[in-house]
Amino acid sequence: MSSRIPLLKLSQRCRQSLCSMLGLQPPLSALLRRSPPPPPLLFPSTSDRLCCSPFRSLASTADGVKDVGRSERIGNDGNPPNSSPPPPSDSGLDYPTGEFEMEEFGWWRRLVVKLRLFFALPWVRVEKGSVLKMQLRGKISDQLTTRFSSGLSLPQICENFMKAAYDPRISGIYLHIEPLNCGWGKLDEIRRHIMNFKKSGKFIISYLPECREKEYYLACACGEFYVPPSAYVALYGLTVQSAFLGGVLEKAGVHPEVYRIGKYKSFGDQLACKGMSNEVREMLSSLLDNIYENWLETVSSSQGKRREEIEDFLNSGIFQVEKLKEEGWITNIMYDDEVMSMLKERLGQKNKKKLLMVDYSKYSRVRKSTLGLDGGREQIAIIRASGPLSVAGSGIMAEQLIEKIRSIRDSDRYKAVILRIDSPGGDALASDLIWREIKLLAASKPVIASMSDVAASGGYYLAMAAGTILAEKLTLTGSIGVVRGRFSLNKLYGTIDLNKEILSRGQYAELNVAEQRPLRPHESELFAKSTQYAYTQFRDKAALSRSMTVDQMEEVAQGRVWTGKEAASKGLVDAIGGFSRAVAIAKYKAKIPHDKQVKLVEVSRPSPTLPERLGGIGNSLFGLDMAVKEVLQDLTFSDGVQARSDGILLDIAGNISQDNHVLHLIKDCLSSS
């Protein structure tokens, strides 16, 4: 009898917790016995996306990365509220790394996970011993997506890696890597999650039907990867290219009048010029060198080869798959069905008709809470700013983002905020309005800016309002400069015999409507002055936020784009790292213990719009081409100063498809005219 009393007491003590963790309503008698009532739980509503961070941050800097310490300038006293005084700008503040550590679950947590898996709904059940198959291809968005959205979502990809590491039903990951259309910042984030997953002790293998630089960059992180005998191998090196339409437009009678501030600001050059300027060539060569050196170093480290061997390999022009195997660049040559047969044998499933497998779409519906990754009571808000900036239209709409920012500022639920940026910039007015709201938010709670592929021009404008800025080592950032332009169509109109007459009152009334003639001297002067004024505002705010003098900022501004690693050395970025490090720093700034779990709340989770629903249906029924849909959605006209990066730089980041450079160029230029 006495041996059963501790068990009875334990069940009574744990009953309420068990019911809560399983999402079950405790009996009324249990509710009546409660004294005193428990404090209210600080969980978001079911309309919010609940995420947690299984990362335990380490209180040291990342290997080989030196953080750029600086004073935080928020408010009139120079110190952020509820924080210790900032260290001197030359102190080299050590930020936590956010390095992933596989957490060992206790018996109680394991029991809860087993019960949740047992009661899981049929459409999210996964057989024990299953292999998670994920196909990475095409465009990868940094934004959360809906069921009706096309393409892949980086947050969902990373979450699936994390869940699979802890899921007792998943034995490993089979990664199909096909031609990718994303930047190097996203690739580094995915590589980081591949390396984190390997710490679970489970296998991860990759399969490459087409082997180019980006695909190989990811595959070699897996350690074990296969290609079919007919694989297309194109490991030739990296390039940057740009098409200039200046001559074409000149023959057509179209004269672009472009006003830019910053000798490196190249937006508009593809319309107004017939080739690269020396400054732009210098900038692009530097960016290409950084990306190329990183590729060589990363691949040589993953493959256990010397850097010289990797470079010789690229320069040898290898295209035969057999030679790749002979020289140890791939694991083996196998078809997809042969790889799955190998996995069946490895996992002891030879007697089964098919390999136990779960795909990306189904596994994305498995909640993290089901696997015991609930997070803690403390909450950190995530705001995602992806796409071009605009006051109204597609991309990042200022009004909607400002509304989200204000709701977070007015809420006491969130201890800190992570602003995730993947934007080349856009409308200068939208950039400044959002900047102001982020600045006000940063005065009330810690705000960490985390850059993805690109956070340049207007994208950097947003980031500089945050207390701390992080970038991936190959993020494209900076581009502190502005541009304004218009088309003069007088020659074209003369050729086709089109006459346009305007009646106006006011000296500058025809400034934005008289495209049938060039600007008059006083109009041209106003154009130039307004562009200079916008640049001065941008540069001076950047100098203030980065604790630099105006002259110091001018040296790194001038519209020049930097990689994240370069930006850190120039003082434009505080540290190098991905999303997990941003979480660790947010906890550090909010004075949350580094080993304490937090709940990440996605406040900008999109809801499917009617065009998305119709687009999804049309895509499946009629195979509507994505390029056409993008043009229909994004081809808009706007007036005003633009703070954005051009198509050349987006091409380096991997956000422009390989086959329609001119189409995207014309679309971008029309949207900025």
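Residues numbered from 1 in each chain as written. Predicted model: local features only at pLDDT ≥ 70, side-chain atom pairs only at ≥ 80, totals over all residues. Heavy atoms only, no water.

## Notes on the overall build of the chain
At step 1: Within the chain, the secondary structure is distributed over 25 helices and 24 strands.
At step 2: Contacts spanning at least 24 positions in sequence make up 78% of the contacts within the chain whose residues lie at least 6 apart.
At step 3: Approximately 31500 Å² of the chain is accessible, and the part contributed by carbon and sulfur atoms is 54%. (Helix = DSSP H or I, 4+ residues; strand = E, 2+ residues; numbered from the N terminus. Contact = heavy atoms within 4.5 Å. Areas by Shrake-Rupley, 256 points an atom, 1.4 Å probe, with all protein chains shown as cover.)

## What about the packing of helix 9 (residues 278–303) against helix 10 (residues 307–315)?
At step 1: Where helix 9 meets helix 10, the axes come as close as 9 Å, and the angle between the chain directions of the two elements is 115°. Judged on the interaxial angle alone, helix 10 and helix 9 are roughly perpendicular. In the packing of helix 9 onto helix 10, the handedness of the crossing is right-handed. Touching Tyr 292, Glu 293, Trp 295, Leu 296, Val 299 and Ser 300 of helix 9 are Arg 307, Ile 310, Glu 311 and Leu 314, all from helix 10.
At step 2: For the contact of helix 9 with helix 10, the per-class residue count stands at six nonpolar, one polar and three charged. (Axes fitted to C-alpha atoms, helices over the stretch in contact; angles between N-to-C directions. Parallel < 35°, antiparallel > 145°, perpendicular 65-115°, else oblique. Left-handed = near helix turned anticlockwise from the far one by under 90°. Nonpolar A, V, L, I, M, F, W, Y, C, P; charged D, E, K, R; others polar.)

## Observations regarding the packing of aromatic side chains
At step 1: Counted by the stated rule, this structure contains 12 aromatic pairs.
At step 2: Taking 5.9 Å as the distance between ring centres and 75° as the angle between the ring planes, the aromatic pair formed by Trp 107 and Trp 108 counts as edge-to-face.
At step 3: For the ring pair Tyr 461 and Phe 538, a centre distance of 4.7 Å and an interplane angle of 40° mean the geometry is tilted. Residue Tyr 461 is located in helix 16 (residues 458–463), and its partner Phe 538 is located in helix 18 (residues 521–545); the two are separated by 77 residues in the primary sequence.
At step 4: Look at Tyr 461 and you get buried, because its relative accessible area is 5%.
At step 5: Phe 538 gets classed as buried once you look at its relative accessible area, which sits at 1%.
At step 6: Among the aromatic residues, those joined into a ring-pair cluster are Phe 100, Phe 105 and Tyr 166.
At step 7: The ring of Phe 105 has Arg 109 lying over it, and the distance from NZ or CZ to the ring centre is 4.0 Å. (Phe/Tyr/Trp six-rings, centres within 6.5 Å; stacked < 30°, edge-to-face > 60°. Buried < 20%, exposed > 50% of the residue type's maximum accessible area, 1.4 Å probe, protein only. Lys NZ or Arg CZ within 6 Å of the ring centre and 35° of its normal.)

## Overview of the pattern of salt bridges
At step 1: Tallied over the entire structure, the rule returns 36 salt bridges.
At step 2: Among the salt bridges present, the one from Glu 224 reaches Arg 346, with a minimum N-O distance of 2.8 Å. Within this pair, whereas Glu 224 is found in strand 7 (residues 224–227), its partner Arg 346 is found in helix 12 (residues 336–346), the two being separated by 122 residues in sequence.
At step 3: A relative accessible area of 40% places Arg 346 in the partly exposed class. (Salt bridge = Lys/Arg side-chain N within 4 Å of Asp/Glu carboxyl O.)

## Observations regarding the side chain of Asp 269
At step 1: When you line up the elements, Asp 269 lands in helix 8 (residues 269–272).
At step 2: Among the residues examined, Asp 269 registers a relative accessible area of 7% and is labelled buried.
At step 3: For Asp 269, the contacting residues outside a window of four places in its chain are Phe 244, Arg 260, Ser 277 and Val 280.

## A look at the pairing of strand 7
At step 1: Alternating residues of strand 7 divide into Glu 224 and Tyr 226 and Phe 225 and Val 227, and every residue in both groups is buried.
At step 2: As judged from the three bridges shared by strand 5 (residues 203–207) and strand 7, these two strands associate in the parallel manner. Looking at the pairing, Ser 206 lines up with Phe 225 of strand 7.
At step 3: The pairing of strand 7 with strand 10 (residues 332–333) spans two bridges and is parallel. Residue pairing across strands places Tyr 226 opposite Asn 332, the latter belonging to strand 10. (Pairing = 2+ DSSP bridges.)

## Describing the nonpolar core
At step 1: Counting 65 residues, the largest nonpolar core has Phe 161, Leu 175, Ile 194, Tyr 216, Trp 295 and Tyr 363 as the members making the most contacts within it.
At step 2: Leave out the neighbours within four places in its chain, and Trp 295 touches Trp 184, Glu 213, Tyr 216, Tyr 217, Leu 235, Ile 310 and Leu 314. (Core = buried A, V, L, I, M, F, W, Y, C linked by side-chain atoms within 4.5 Å.)

## Here's the deal with unusual backbone geometry
At step 1: Of note, Ser 457 is a non-glycine position whose phi angle comes to about 55°, a positive value.
At step 2: You will see that Ser 479, though not glycine, has its phi angle at about 55°, which is positive.
At step 3: Among the residues examined, Ser 479 registers a relative accessible area of 2% and is labelled buried.

## So, the side chain of Gln 303
At step 1: Positionally, Gln 303 belongs in helix 9.
At step 2: Judged by relative accessible area, which is 18%, Gln 303 ranks as buried.
At step 3: For Gln 303, the side chain forms a polar contact with the side chain of Tyr 216, separated by 2.9 Å.
At step 4: For Gln 303, the contacting residues outside a window of four places in its chain are Tyr 216, Cys 220, Phe 225, Gly 328 and Trp 329. (Polar contact = N/O pair within 3.5 Å; in protein donor to acceptor, adjacent residues only side chain to side chain.)

## With respect to the confidence of the model for the chain
At step 1: This prediction gives the chain a mean pLDDT of 80; 75% of its residues lie at or above 70.
At step 2: Counting interchain partners and residues more than four positions distant, the pLDDT-below-50 stretch residues 1–92 has 155 contacts.
At step 3: Segment residues 655–663 is flagged for pLDDT under 50; beyond a separation of four residues in sequence, or across chains, it makes 21 contacts in the model. (pLDDT = per-residue confidence, 0-100.)

## Some details on the environment of Lys 274
At step 1: Note that Lys 274 resides in the loop between helix 8 and helix 9.
At step 2: When the C-alpha atoms of Lys 274 and Gly 247 are compared, they prove to be 6.0 Å apart, with 27 residues separating the residues in sequence.
At step 3: Contact partners of Lys 274, with chain neighbours within four places excluded, come to Phe 244, Gly 246, Gly 247 and Glu 250.
At step 4: A distance of 3.2 Å separates a polar atom in the side chain of Lys 274 from a polar atom in the side chain of Glu 250.

## With respect to the pairing of strand 18 (residues 468–471)
At step 1: Burial of strand 18 is two-sided: the residues Thr 468 and Leu 470 facing one way and the residues Ile 469 and Ala 471 facing the other way are all buried.
At step 2: Examined bridge by bridge, strand 17 (residues 447–456) and strand 18 share three bridges and lie parallel to one another. For Ala 449, the partnering residue across the bridge sits in strand 18 and is Ile 469.
At step 3: For the crossover that starts at strand 17, traverses helix 16 and ends in the parallel strand 18, the hand is right-handed.
At step 4: In terms of strand pairing, strand 18 meets strand 22 (residues 575–576) through two bridges, oriented parallel. Bridge pairing links Ala 471 to Ile 576 in strand 22. (Right-handed = clockwise from strand over helix to strand, strands pointing away.)

## Quick look at the environment of Met 162
At step 1: Within the secondary structure layout, Met 162 lies in helix 4 (residues 154–166).
At step 2: Assessed through its relative accessible area of 9%, Met 162 is described here as buried.
At step 3: Remark: the alpha-carbon pair of Met 162 and Asn 196, spanning 34 residues in sequence, is separated by 8.0 Å.

## Quick word on a nonpolar patch on the surface
At step 1: Together, Val 391, Leu 429 and Leu 433 make up an exposed nonpolar region whose accessible area comes to about 240 Å².
At step 2: Within the element layout of this structure, Val 391 appears in the loop between strand 13 (389–390) and strand 14 (396–397).
At step 3: With a relative accessible area of 38%, Val 391 lands in the partly exposed category. (Patch = residues over 30% accessible without salt bridge, like charges linked within 9 Å, V, L, I, M, F, W, Y side chains within 5 Å.)

## Quick word on helix 3 (residues 107–118)
Count 3.6 residues to each turn of an α-helix, and residues three or four apart come out pointing the same way.
At step 1: The first and last C-alpha atoms of helix 3 sit 16 Å apart over 12 residues, in line with the 16 Å expected at 1.5 Å per residue.
At step 2: Buried within helix 3 are the following residues: Val 112, Val 113, Arg 116 and Leu 117. With its buried residues spanning 135° around the axis, helix 3 presents them on a single face. Seen from the buried face of helix 3, the exposed residues on the opposite side, beyond 90 degrees, are Trp 107, Lys 114 and Phe 118. (Expected span 1.5 Å × (residues − 1). Arc of directions from axis to C-beta.)

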